[in-house]
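Chain by chain, the residues run as shown.
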Amino acid sequence: MSRWPVRPATFFRTRVARVVAVRGRMPVVLERTFAMAAPLRTVAAALRHTRTVTTNLGAVAEDPAVPVGELLLAGDRFPVATGAAGDAPALEGTVCRADETAVELRFDSSAGRSGRVRFEPREPESGARSRCEVHLILSEAPEWLLPRLDGYLEAVRELASKWSMRQIVVGAALVEDGMLLAQQRHYPAVHAGRWELPGGRVEPGESESEAVVRECREELGTEVRALERLGTDVPLLGGSGMSLRVLAVCRVAGARLPLPLEHRALRWVGGSELAGLPWLEADRLLLDSLRALLSSGSEPQDPK
Ligand SMILES: Nc1nc2c([nH]c(=O)n2[C@H]2C[C@H](O)[C@@H](COP(=O)(O)OP(=O)(O)OP(=O)(O)O)O2)c(=O)[nH]1
């Protein structure tokens, strides 16, 4: 009964296929799960890759009008043509959510709402950190969208597999008294004056947690403990072949207050000030997750 355009070559890893609430002619909600051979936060980044979303689910043109950044943010909009390539856009896609928990898109026409799709990356029950599953929930199941999901998920799978080989730059999200610590770069010229999180490249043989601890010691002169990861990975532009990965950290009991040992300045930033700061582009794409960390109110504490 499902009109899902199953192509075994690309859906070979489908574990669950479920059609919920068949009301009359067409499925109202579709749910499926796809396995991906890349870490959750890398897959979560690929799911929100602007060009991958807009070329596969949007205008279906070679060069659709693409909204702002490399990765989508909640509130971004993009044109959607529901017919053949080259057709004028008939709908508008709106990004409702684009973070490590989900990418959720809504499609609206001038006549009203015409569908909603949600992709949720989840760690598998086995706990293997090099793999994850994408759970797809499609509401109102617009027919024009069904054939496109196939190509989109295949592109996400390829991108995530490529991105999982990247050199990692760790960033430290240190929150104290409801404020996030940011630091202002003074080099290179292209980055001077912009704000970023303390951190740097993971060195060979080092874990990400060890790297974040070392970088905070070198840059801030303080001791931190690495806690959980935050947000999606963010691929850095300019052919660097690196991705930014943020870890929440806390200062260990009795450690010194952070000092700007290698940067122009440090600043504690509140949730309402986050958007106003001239962040490096990669960090700007993580602001929703950083804001959520600040508004959660549960300040990470040194567990020792
Ligand atoms: N540390 C850090 N780097 C970031 C962030 N956002 C962002 O795009 N980057 C980029 C800037 C650099 O091109 C790259 C590596 O950062 P880095 O210069 O601090 O790395 P590093 O300490 O290993 O290098 P170096 O200073 O020894 O040259 O990552 C961020 O929030 N924190």
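About the thresholds
- Residues numbered from 1 in each chain as written.
- Predicted model: local features only at pLDDT ≥ 70, side-chain atom pairs only at ≥ 80, totals over all residues.
- Heavy atoms only, no water.
- Helix = DSSP H or I, 4+ residues; strand = E, 2+ residues; numbered from the N terminus.
- Contact = heavy atoms within 4.5 Å.
- Salt bridge = Lys/Arg side-chain N within 4 Å of Asp/Glu carboxyl O.
- Buried < 20%, exposed > 50% of the residue type's maximum accessible area, 1.4 Å probe, protein only.
- Axes fitted to C-alpha atoms, helices over the stretch in contact; angles between N-to-C directions.
- Parallel < 35°, antiparallel > 145°, perpendicular 65-115°, else oblique.
- Left-handed = near helix turned anticlockwise from the far one by under 90°.
- Domains from an automatic or database assignment.
- Buried area = accessible area lost by both parts, 1.4 Å probe.
- Nonpolar A, V, L, I, M, F, W, Y, C, P; charged D, E, K, R; others polar.
- Near = heavy atom within 4 Å.
- Polar contact = N/O pair within 3.5 Å; in protein donor to acceptor, adjacent residues only side chain to side chain.
- Areas by Shrake-Rupley, 256 points an atom, 1.4 Å probe, with all protein chains shown as cover.
- UniProt positions renumbered as here; feature names shortened; annotations may be inferred.
- Expected span 1.5 Å × (residues − 1).
- Phe/Tyr/Trp six-rings, centres within 6.5 Å; stacked < 30°, edge-to-face > 60°.
- Lys NZ or Arg CZ within 6 Å of the ring centre and 35° of its normal.
- Disulfide = S-S within 2.5 Å.

A. Seen up close, the environment of Ala155. Tracing the chain through its elements places Ala155 in helix 3 (residues 146–163). Beyond its immediate chain neighbours, meaning those up to four positions away, Ala155 contacts Thr52 and Asn56.

B. View of the pattern of salt bridges. Counted according to the given criterion, the structure contains 21 salt bridges. Note that Asp108 is salt-bridged to Arg106, the shortest N-O span being 2.9 Å. Assigned by exposure class, Asp108 and Arg106 land together as buried. Note that Glu203 is salt-bridged to Arg214, the shortest N-O span being 3.9 Å. Of this pair, Glu203 sits in the loop between strand 11 (199–201) and helix 4 (208–220) while Arg214 sits in helix 4; the two residues are eleven residues apart in sequence, bridging distant segments of the chain. Using a relative accessible area of 13% as the deciding quantity, one classes Arg214 as buried. The structure contains a network of salt bridges with shared partners spanning Glu104, Arg116, Arg118, Glu120 and Arg122.

C. Just the packing of helix 1 (residues 40–47) against helix 3, in detail. Two elements in contact, helix 1 and helix 3, have axes whose closest approach is 8 Å; the angle formed by their N-to-C orientations is 130 degrees. In terms of orientation, helix 1 and helix 3 fall into the oblique class. Crossing hand, helix 1 versus helix 3: right-handed. In this structure, helix 1 contributes Thr42, Val43, Ala45, Ala46 and Leu47 to the contact, and helix 3 contributes Tyr152, Val156, Leu159, Ala160 and Trp163.

D. Examining helix 2 (residues 50–58) more closely. Here helix 2 has its buried residues at Thr50, Thr52, Val53, Thr54, Leu57 and Gly58. Of the surrounding elements, those touching the buried residues of helix 2 are helix 1, strand 3 (77–80), strand 5 (103–109), strand 6 (112–122) and helix 3.

E. Up close: the domain arrangement of the protein. By the assigned domains, the protein splits into domain 1 (16–163) and domain 2 (167–295). The partner domain 2 presents 14 residues to the 14 residues of domain 1 that form the contact. Area buried by domain 1 at its contact with domain 2 is led by Arg41, Glu70 and Leu73, which between them contribute 40% of it. Our count for the contact surface shared by domain 1 and domain 2 stands at zero salt bridges. Sorting elements by how many residues they give to the side of domain 1 that touches domain 2 places helix 1 first, with four residues. Residue classes in the side of domain 1 that touches domain 2 are distributed as six nonpolar, two polar and six charged.

F. Structural view of the site of the ligand. Surveying the vicinity of the ligand reveals 16 residues, the closest of which are Tyr187, Leu197, Gly199, Arg201 and Asp283. A distance of 2.7 Å separates a nitrogen atom of the ligand from a polar atom in the backbone of Leu197. Arg201 places a main-chain nitrogen or oxygen 2.9 Å from an oxygen atom of the ligand. Computed on the free molecule, the ligand has an accessible area of 610 Å², of which 77% lies beneath the protein chains in the complex. Going through the elements one at a time, strand 11, strand 13 (242–251) and helix 5 (281–284) are the ones with two or more residues in the shell around the ligand. For the shell around the ligand, the leading source of residues is strand 11, giving three residues. In the shell around the ligand, the residues fall into eight nonpolar, three polar and five charged.

G. Region of the structure containing the UniProt feature "domain: Nudix hydrolase" (unreviewed entry) in the protein. According to UniProt, the "domain: Nudix hydrolase" (unreviewed entry) feature falls on residues 165–294. Secondary structure within residues 165–294 divides into 19% helix and 37% strand; the distance between the first and last C-alpha atoms comes to 31 Å.

H. Looking closely at helix 3. Here helix 3 is 18 residues long and its end C-alpha atoms lie 26 Å apart, about the 26 Å a rise of 1.5 Å per residue gives. Residues of helix 3 that are buried: Leu146, Arg148, Leu149, Asp150, Tyr152, Leu153, Glu154, Val156, Leu159, Ala160 and Trp163.

I. Seen up close, the packing of aromatic side chains. All told, the structure shown has three aromatic pairs when counted by the stated rule. With a centroid separation of 6.4 Å and 90 degrees between ring planes, the pair formed by Phe78 and Phe107 is classed as edge-to-face. Taken together, the positions of Phe78 in strand 3 and Phe107 in strand 5 put the pair 29 residues apart, joining distant regions of the chain. For the pair Phe78 and Phe107, one class covers both residues: buried. An aromatic cluster is built from Phe78, Phe107 and Trp144, whose rings are joined through pairwise contacts. Across the ring face of Tyr187, the terminal group of Arg185 is positioned such that the distance to the ring centre comes to 5.1 Å.

J. A look at the state of the cysteines. This model, assessed by the stated rule, comprises zero disulfides. Looking at Cys216, it has no disulfide partner, and the nearest cysteine sulfur is the one in Cys250, 11 Å off.

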